[in-house]
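# Tertiary structure, described
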Amino acid sequence: STFAYCAETAVYAEGPGPDARSDYDYYALQSTGFVFKNNLIHDVDLVRVPVESGGLAFSYQIGADVSHNEIYNSARYGIDFKYGNIDCVMEYNYLHHCMTNSADGGAFYCGRVATNRGNEVRYNVVADIYALNPIHTGGTFAIYMDDSHENLICYGNIFYNSGSIMNNIGRGHVIHDNVFITRGGIQGKNPSILDPKDYADEDRFTEGWNSLDLIPD
């Protein structure tokens, strides 16, 4: 399917969650069955950038399959998976030219609650993530793990001219075997609470950097 020229977020999928008025038991960690595959999303958030913004936004999903999608020309995120997602897999997606009209976010964005756990971002290509208007300051990132996101598993991705992987407060991430081209690396706003053992040492950089020494020698 193709979703294009959207005033706000192209696709938003909210799972039943812990407070849903249904027979679904969120705490039993049963799959919600959300599958989003082989879609094209472009030119989104053209009028307004809502909280759950970007090409695809989903929340309170368990075991979701998000794969083989292309998302580009997004004023904000490419894929927004904050709020209560557990054991979701995002793979073989191509995200490019996201964050074009904003800052302090990334092509992949997650966080806000510590119940996000076990999500995997693997085998994706992320390219050309930057704001087009210099008025937007605060940084644009390949992946932004915001406000206590826990236990993100990230490997096998190629990041081209897309910035760093940003960790803001969260713990227990497993990040290894990613390739950063032109600019990138791993950084965190609160290095005192980061455990360097959470980060493997196989990440390769062409022009990358690691100012907070999160990757052991």
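That block above? That's the structure.
Keep in mind that this is a model prediction, so the values were computed, not measured.

## Details of the nonpolar core
- In this structure, Phe 58, Ile 79, Phe 81, Met 90, Phe 108 and Ile 143 are the most contacted members of the largest nonpolar core, which totals 40 residues.
- The dominant element in this core, judged by the number of residues it contributes, is strand 14 (residues 140-146), at five residues.
- Not counting residues within four places of it along the chain, the set of residues in contact with Ile 79 comprises Leu 56, Phe 58, Val 66, Ile 71, Met 90, Asn 93, Leu 95, Ala 107, Phe 108 and Tyr 109.

## Focus on the packing of aromatic side chains
- Under the defined criterion, the tally for this structure stands at 10 aromatic pairs.
- Among the aromatic residues, ring-to-ring pairing joins Phe 3, Phe 34, Phe 36, Phe 58 and Phe 81 into one connected group.

## Considerations on the pattern of salt bridges
- Using the criterion set out here, one finds five salt bridges in the structure.
- Here Lys 37 makes a salt bridge to Asp 65, at a shortest N to O gap of 3.8 Å. In this pair, Lys 37 is assigned in strand 3 (residues 35-37) and Asp 65 in strand 6 (residues 65-67), connecting sequence segments 28 residues apart.
- Classification of Lys 37 as partly exposed rests on a relative accessible area of 37%.
- Put simply, Arg 122 and Glu 91 hold a salt bridge, and the shortest N to O gap is 2.8 Å. Residue Arg 122 is found in strand 12 (residues 120-122), and its partner Glu 91 is found in strand 9 (residues 89-91); the two are separated by 31 residues along the sequence.
- Salt bridges sharing partners connect three or more residues here, namely Glu 91, Glu 120 and Arg 122.

What counts and what doesn't
- Residues numbered from 1 in each chain as written.
- Predicted model: local features only at pLDDT ≥ 70, side-chain atom pairs only at ≥ 80, totals over all residues.
- Heavy atoms only, no water.
- Core = buried A, V, L, I, M, F, W, Y, C linked by side-chain atoms within 4.5 Å.
- Buried < 20%, exposed > 50% of the residue type's maximum accessible area, 1.4 Å probe, protein only.
- Helix = DSSP H or I, 4+ residues; strand = E, 2+ residues; numbered from the N terminus.
- Contact = heavy atoms within 4.5 Å.
- Phe/Tyr/Trp six-rings, centres within 6.5 Å; stacked < 30°, edge-to-face > 60°.
- Salt bridge = Lys/Arg side-chain N within 4 Å of Asp/Glu carboxyl O.

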